[in-house]
Amino acid sequence: MQNESLSLFDAYDRGGFFDEMLTEDGPRPHYQKLYQNLSAMSHHEFRARTELADLTLMNQGITFTVYGDEEGTEKPFPVDLVPRIIPASEWAHLERGLGQRVRALNLFLHDVYHEAKILSDGPIPRELVVNAPNFRRNFIGANVPGDIYIHICGSDLIRDADGTYRVLEDNCRTPSGVSYMLENRLILTRVFPGLFRENSVRPIDDYPSVLLNNLRSFAPPGREEPNVVLLTPGVYNSAYFEHAFLAQQMGIELVEGRDLFVDDNMVFVKTTRGPQRVDVIYRRIDDDFLDPLVFRPESALGVPGIVNAYRSGNVVLANGIGTGVADDKAIYPFVPDMIRYYLGEEPILEQVPTYLGWRESDLQYMKDHAKELVFKATNESGGYGMLIGPQASPTEISDYLNQVMADPRNYIAQPLIALSRSPCFVEDRFEGRHIDLRPFILCGKDSVTIMPGGLTRVALRKGSYVVNSSQGGGSKDTWVLGESRNVMQQTMGSMTQRMEGGC
Amino acid sequence: MLSRHADCAFWIGRYIERAEATARMIDVHYHFGLESPLVGRALTWEAILAISGQKKKFNQRYQEINERNILHFFAFDQNNSNSILNCVRLARENGRAIRDQISSEMWESLNRYYLDYRRWNVDRVISESPFAFFQSVKNGSHLFQGITNRTLMMGETRDFHDAGRFLERADQTARILDVKYHDLLPRFTSEVSIPAPTDPAVVDPFSVGGTVDTHGWTAVLKSVGAFEAFRKTYRQGVTPARVAEFLILNPQFPASVRHSIGRVEGCVRRVSGNRDLSPSNPAERAVGRLYNDLNYLRADEIIASGLHEFLETVEKRCAEIGFAIGATYLKY
């Protein structure tokens, strides 16, 4: 009985972190309405909605399989129903910063695969680029439509103890998560329809249309009705749900390597009516597995000859080949220099200070201050190959440092950033959990589109800083508020018929 | 459409139908028991194994033939590729592989079918209700098929799905009939044709036209959901010849071999767009030839030449149709 009268926010502890919703004096202005709504809710009510959301996910098969379980138990991807809100002005800043960044990254890729001026002129050490494992030497000199290499970019943003947004890394190869962004929104509109009426949340549901229009615009010249396909490694890939979801939303074929073949440097798909030419491939397979003739010969996922078809300009790959050199963690510290070099502008977004194992003086610092630093392998993702110094034991640190010393180029270190936190529903009340933000950036031939919001990832384990879904992370719906309540209308809900005809 | 997608659609159709047919096949045993205790004795669990042609596989892994083991083997055995569990699982896996091609309602239905099915096990079936269990399987298949009818675009995906579904149905109807024919008439060898219906006042309950016989054939009809339709068609009563005629040749009964094969032909003809009388590929030839035979055959001819031989040929020709569709369209 006593519980009934308690607010879900009672005993909420900000823990000394930057809290997205609450300050010492109560909720931030853009969270005001949400806070009032949630405060009026009992934990029974909130839990019922969480269960409804889980059931929806279960029935739609938005699940992951728990490995090591013979029965093949499936669990829904954890969605925390408390949305993360970004006010219009903050978003405008992020939008400008991200656009600037992806333009510079595309110019950098074009440069390093052609004249490589930036390496001759000095801002970036040549050695770091040409020795990067994802630098594709055999791709030098190849031209791509519109000089766009990164069509889809997912840059990870964090907020530090002051609430300053910083870019943590860029994902320029095959960034994933956009389907969860879209599904989270769908779920929230079902579970909390009222909240959308009260807040003017900018819609994100045109992501598939923008992506498809972009992909079509890159088709080889003379192809009137370009055939765009999505290439997936198959149903056993952990992001398969997303591949199928996007193909369905765009209305394009979801193909596997075995559906495609190359003839006369053109790519064809095997259909019930014989082979059909393919013009644009949104590929969700890494470079390494794309073409057994060029990359890993044992790969059964790819298509023999596809790289030559790409070099001949008969097919377009999105993202392009060799983009991994742009999101190499050892190149990351130089992105601000790229922005200055190519665009003649000052970087809009902050980064995280980074020590390079490759640099003698940094390496010494990394050894001396290991207990304070977060170490990362330069070409791992998904939270693998990391060491969080402040949370590691002395043996873990010395073991890790041995690996670092064996191959210093492959490691970087950064100070531990006190990631901002957001209230999450944990055991019948709200508790602060660390979050980040992955916005999705789409590059067309002459335009950059950034979906308002992105995927907010949550480290659901108490005290954890690791938000990756492979490491027990969840996600939240992310709301970017419109400038004015009257301008933006939520479009996710059903439209109603206008009965009166009079204009 | 992609050949691989067509292949998946075709097999979703087959697996969903097969799950239902397997449930019906076991369910018929319970029906027998309900119809008459005499009939219950006539049909043993061994006979169910014989139907499916899986006796050897069963004996490799189970010590004893009993209700629990049979249920486990046909409904829940992960190592039996045709168990209901595997049919539903594979239908779902195929659905996952083409989830961008089918409607999201279809995917959700396949997914729920599987998740709900996983809540059953042998203990629950036996302690709760075999009837409810079989009903849930039939409902799962029917719900999916209904959702498919309502939400999937008329087009190739649907035609391949339906081709798989109706080919499986023709095959399964032939099988159930074939096996029951053997169970119920153990004394007849295949050379002997079924005698004409005899006087209902016959004494030996196990003879043709006897109590067991009538109840047995009634159970066969019920197991394929045909009893009421049969009654409306033949008011004179249940005889083996009439049951065979109804299940093989009736043009209106949705699970008859003739109707099902006709649907398969419609599907492959729509895919090719061929309106000519002569077939344009091996798939059309195989299915058209069987459909024509079924259209022109009479029940007494089938019985005179041996029902079992005929059904065996039908099963073989269904397999050939499957191969021909595969070779023509589904290879990738």
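Quick caveat, the model's predicted, so the values are computed rather than measured. (Residues numbered from 1 in each chain as written. Chains lettered and ligands numbered in written order. Predicted model: local features only at pLDDT ≥ 70, side-chain atom pairs only at ≥ 80, totals over all residues.)

1. Let's talk about the overall build of chain B
As a reminder of what qualifies: Helix and strand definitions follow DSSP, with helices as H or I runs of at least four residues and strands as E runs of at least two, each counted in order from the N terminus. In this scheme the burial state of a residue depends on its C-beta neighbours within 10 Å: 20 or more other such atoms mean buried, 12 or fewer mean exposed, and anything in between means partly exposed; the C-beta positions come from the backbone. Here, residues touch in the contact sense if the C-beta positions derived from the backbone fall within 7 Å of one another.
Counting its secondary structure elements, chain B contains 17 helices and 0 strands. For chain B, the proportion of its 332 residues judged to be buried stands at 50%. Sequence-distant contacts, at least 24 apart, represent 71% of the contacts inside chain B between residues at least 6 apart.

2. Topic: the overall build of chain A
The following threshold applies: Only C-alpha atoms enter the radius of gyration, while the globule expectation follows 2.2 Å times N to the 0.38, with N the number of residues.
Summing up its helical and strand segments, chain A has 15 helices and 25 strands in all. For chain A, the C-alpha radius of gyration of 24 Å lies close to 23 Å, the compact-globule estimate for 503 residues. The proportion of buried residues among the 503 residues of chain A is 42%. When contacts within chain A are restricted to residue pairs at least 6 apart in sequence, those whose partners lie at least 24 apart make up 69%.

3. Here's the deal with the sheet that holds strand β13 (residues 280-283) of chain A
All names here are of chain A. Inclusion rule: For two strands to be treated as a pair, DSSP must find at least two bridges joining them. Comment: axis = line fitted to C-alpha atoms, over the contacting stretch for helices; angle = value between 0 and 180 degrees taken between N-to-C directions.
Read across the open sheet, the 4 strands follow the order β9-β8-β13-β14; overall the sheet is parallel. Each edge of the open sheet is held by one strand with a lone partner, namely β9 (253-255) and β14 (316-318). Across the sheet, the mean angle separating the axes of adjacent strands is 30° when strand polarity is ignored. Taken together, the 4 bridges between strand β8 (residues 228-231) and β13 define a ladder with parallel strand orientation. Across the sheet, Val-229 pairs through a bridge with Ile-281, a residue of β13.

4. Observations regarding the interface of chain A and chain B
Threshold: Residues are sorted three ways: Asp, Glu, Lys and Arg are charged, Ala, Val, Leu, Ile, Met, Phe, Trp, Tyr, Cys and Pro are nonpolar, and all the rest, Gly among them, are polar.
Contacts between chain A and chain B engage 18 residues on the former and 19 residues on the latter. In terms of residue class, the side of chain A that touches chain B is built from 7 nonpolar, 6 polar and 5 charged.

5. Focus on the environment of Leu249(B)
Summarising the element assignment, Leu249(B) is placed in helix α13 (residues 240-249). Sequence separation of Leu249(B) and Thr173(B) is 76 residues, and the distance between their C-alpha atoms is 11 Å.

6. What to know about unusual backbone geometry
The phi angle of most residues is negative, glycine excepted, and most peptide bonds adopt the trans form. Residue and element names in this part refer to chain A. Along the chain, Ala-318 connects to Asn-319 via a cis peptide bond; the corresponding omega equals -5°. A positive phi angle, close to 55°, is found at Asp-264, a residue other than glycine. On the secondary structure map, Asp-264 appears in the loop between β10 (260-263) and β11 (266-271). On the neighbour-count criterion, Asp-264 (9 C-beta atoms within 10 Å) is exposed. Even without being glycine, Glu-427 reaches a positive phi, approximately 45°. With respect to the element layout, Glu-427 can be found in the loop between β20 (421-426) and β21 (429-438).

7. Examining the pairing of strand β25 (residues 473-480) of chain A
All names here are of chain A. Most of β25 is tucked away: 8 of the 8 residues are buried. Pairing between strand β5 (residues 79-86) and β25: 5 bridges, direction parallel. Among the inter-strand pairings, Asp-80 is bridged to a residue of β25, identified as Lys-476. In this structure, strand β24 (residues 455-459) lies alongside β25, joined through 4 bridges in antiparallel fashion. Bridging across to β25, Ala-459 finds its partner in Gly-473.

8. Describing the packing of helix α6 (residues 84-97) of chain B against helix α7 (residues 104-117) of chain B
Residues and elements named next belong to chain B. To keep things clear, this is the line we draw: Any angle between 65 and 115 degrees counts as roughly perpendicular, while under 35 counts as roughly parallel, over 145 as roughly antiparallel, and the rest as oblique. Note on convention: the crossing is left-handed when the near helix lies turned anticlockwise from the far helix by less than a right angle, right-handed when the turn is clockwise.
Packing of α6 against α7 brings their axes to within 9 Å, and their N-to-C directions diverge by 150°. One element, α6, and the other, α7, form an angle in the roughly antiparallel class. Crossing handedness for the pair α6 and α7: left-handed. On the side of α6, the interface is formed by Leu-85, Val-88, Arg-89, Ala-91, Arg-92 and Gly-95, while α7 contributes Met-106, Trp-107, Leu-110, Asn-111, Tyr-113, Tyr-114 and Tyr-117. Looking at the contact of α6 with α7 residue by residue, the classes come out as 9 nonpolar, 2 polar and 2 charged.

9. Digging into the pairing of strand β17 (residues 373-377) of chain A
Two elements, β17(A) and strand β19 (residues 411-415) of chain A, share 5 bridges in a ladder whose sense is antiparallel. When the bridges of β19(A) are listed, Leu373(A) appears paired with Pro415(A).

10. Some remarks on the environment of Asn59(B)
Secondary-structure assignment places Asn59(B) in helix α4 (residues 55-61). Sequence separation between Asn59(B) and Thr214(B) is 155 residues; the distance between their C-alpha atoms is 32 Å.

11. A look at the confidence of the model for chain B
Residues and elements named next belong to chain B. Stated formally: A residue's pLDDT is the predictor's confidence in that residue, given on a scale from 0 to 100.
Summing up the model confidence of chain B, the mean pLDDT is 86 and the portion of residues at 70 or higher is 86%. Note that residues 186-206 has pLDDT below 50 and, in this model, 26 contacts with residues that lie over four places away or in other chains. Scored as a whole, the predicted complex attains pTM 0.83, and scored at its interfaces, ipTM 0.71.

12. Concerning helix α7 (residues 178-191) of chain A
Residues and elements named next belong to chain A. The condition that has to hold: Helix span, as expected, comes to 1.5 Å for every residue beyond the first.
Taking 1.5 Å as the rise per residue, α7 with 14 residues should run 20 Å; its terminal C-alpha atoms sit 20 Å apart, in good agreement. Most of α7 is tucked away, with 10 of its 14 residues classed as buried. Where α7 is concerned, the buried positions are Val-178, Ser-179, Tyr-180, Met-181, Leu-182, Glu-183, Asn-184, Arg-185, Ile-187 and Leu-188.

13. Re the sheet that holds strand β16 (residues 355-356) of chain A
All names here are of chain A. Spatially, β16-β19-β17-β18 is the arrangement adopted by the 4 strands of the open sheet, whose pairing is antiparallel. The open sheet has two edge strands with one neighbour each: β16 and β18 (386-388). Across 3 bridges, β17 lies against β18 in antiparallel orientation. In the sheet register, Phe-375 faces β18, and the bridge partner there is Leu-387.

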